[in-house]
Amino acid sequence: RRSSPRQADRARMTMLNKLPLILFLVSSQNAVVAFVLSSPALRTTKVCGFLDNLRNPFDDRPGATVGLVQVALTNEQAQATKFIGDAARKLDSSSARGLARFVSEVCTGLCRRQDAWLYAHSTASYFGPGAAERQEHERYYNRMVNAEAVKFEKEYLPSAAELAKAEEDGSGGLCVISLVVAIEGDVRDIFEGSSSSIRSLRAALTDLSATANVDGGYALYNAEVLWTPSSPKESLLRDEMLLDFPELLAL
């Protein structure tokens, strides 16, 4: 294993009634964990008082899908690391639309680097209104994010100056980008089979970009992006990647 610690970046925002309450930014090195936005508990509607535990018979909430897309691509001159770092630094964290645009930018940026794709993985689970009411989707989402985050030993956010020098000092190797999302409704079809071919993966990223922007970004309940390496001076070798991400399949 390489001597330098793994790193990641993370920023989170919590939304209640569509008003931002909390925002914080942390970081990590071999991966960059970035950006979580949560909206109200799937826009739940409850009656008050002693009826709180009863289901509203007119409740037509669509539930939520929690999904993961991972892409491993070549990182010559730290181009992949730089593109994700630049997108993260431009994030408008003051609104749901800002996070949706960030997710779209990541998806679009990956599509533009299609020739660099080597491996991919995807998975998704749907939670109906009842399960969502019990916040099962949030627990599953948190477990999925944590399963990726624990792969990194240290959090690190590269500076704008470091990213600017990426083309000069960047190493080669690979970059793994993981995108975890919770989206309104049953959209498992976006993720299913997306890692089977380059064409399927491109279609999934395109659909995810479009879906994230539905309803001004409020259809995107939660999202987190993790990538490794985050430092342009580091490199991730194929054997290391397959050890840490055994679920990745060759495209």
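Check the entry above for the structure.
Residues numbered from 1 in each chain as written. Predicted model: local features only at pLDDT ≥ 70, side-chain atom pairs only at ≥ 80, totals over all residues. Heavy atoms only, no water.

Caption draft 1: Region of the structure containing the pairing of strand β6 (residues 117-127). Taken together, the 10 bridges between strand β5 (residues 64-74) and β6 define a ladder with antiparallel strand orientation. Within β6, the position partnered with Ala72 by the bridge is Tyr119. Judged from the 2 bridges that link them, β6 and strand β9 (residues 249-250) form a sheet pairing that is antiparallel. Its bridge partner being in β9, Tyr119 is matched across the sheet by Ala250. (Pairing = 2+ DSSP bridges. Helix = DSSP H or I, 4+ residues; strand = E, 2+ residues; numbered from the N terminus.)

Caption draft 2: Layout of unusual backbone geometry. Between Thr228 and Pro229 the backbone carries a cis peptide bond, its omega angle lying at 0 degrees. Note on placement: Pro229 falls in the loop between β8 (220-228) and α9 (238-244). A positive phi angle is found at Gln77, which is not glycine, with a value near 55 degrees. Positionally, Gln77 belongs in the loop between β5 and α1 (79-89). On the accessibility criterion, Gln77 (44% relative accessible area) is partly exposed. (Buried < 20%, exposed > 50% of the residue type's maximum accessible area, 1.4 Å probe, protein only.)

Caption draft 3: Highlighting the state of the cysteines. With the rule as written, the count across this model stands at 0 disulfides. Here Cys107 stays free of any disulfide, with the sulfur of Cys111 as its closest cysteine sulfur at 7.0 Å. (Disulfide = S-S within 2.5 Å.)

Caption draft 4: Just helix α2 (residues 96-112), in detail. The end-to-end C-alpha distance of α2 is 24 Å, a good match for the 24 Å that 17 residues give at a rise of 1.5 Å each. Burial of α2 is extensive: 12 of the 17 residues sit out of reach of the surface. Those residues of α2 that sit buried are Ala96, Gly98, Leu99, Ala100, Phe102, Val103, Ser104, Val106, Cys107, Gly109, Leu110 and Cys111. (Expected span 1.5 Å × (residues − 1).)

So far we have only geometry, and geometry alone does not tell us how the molecule works.
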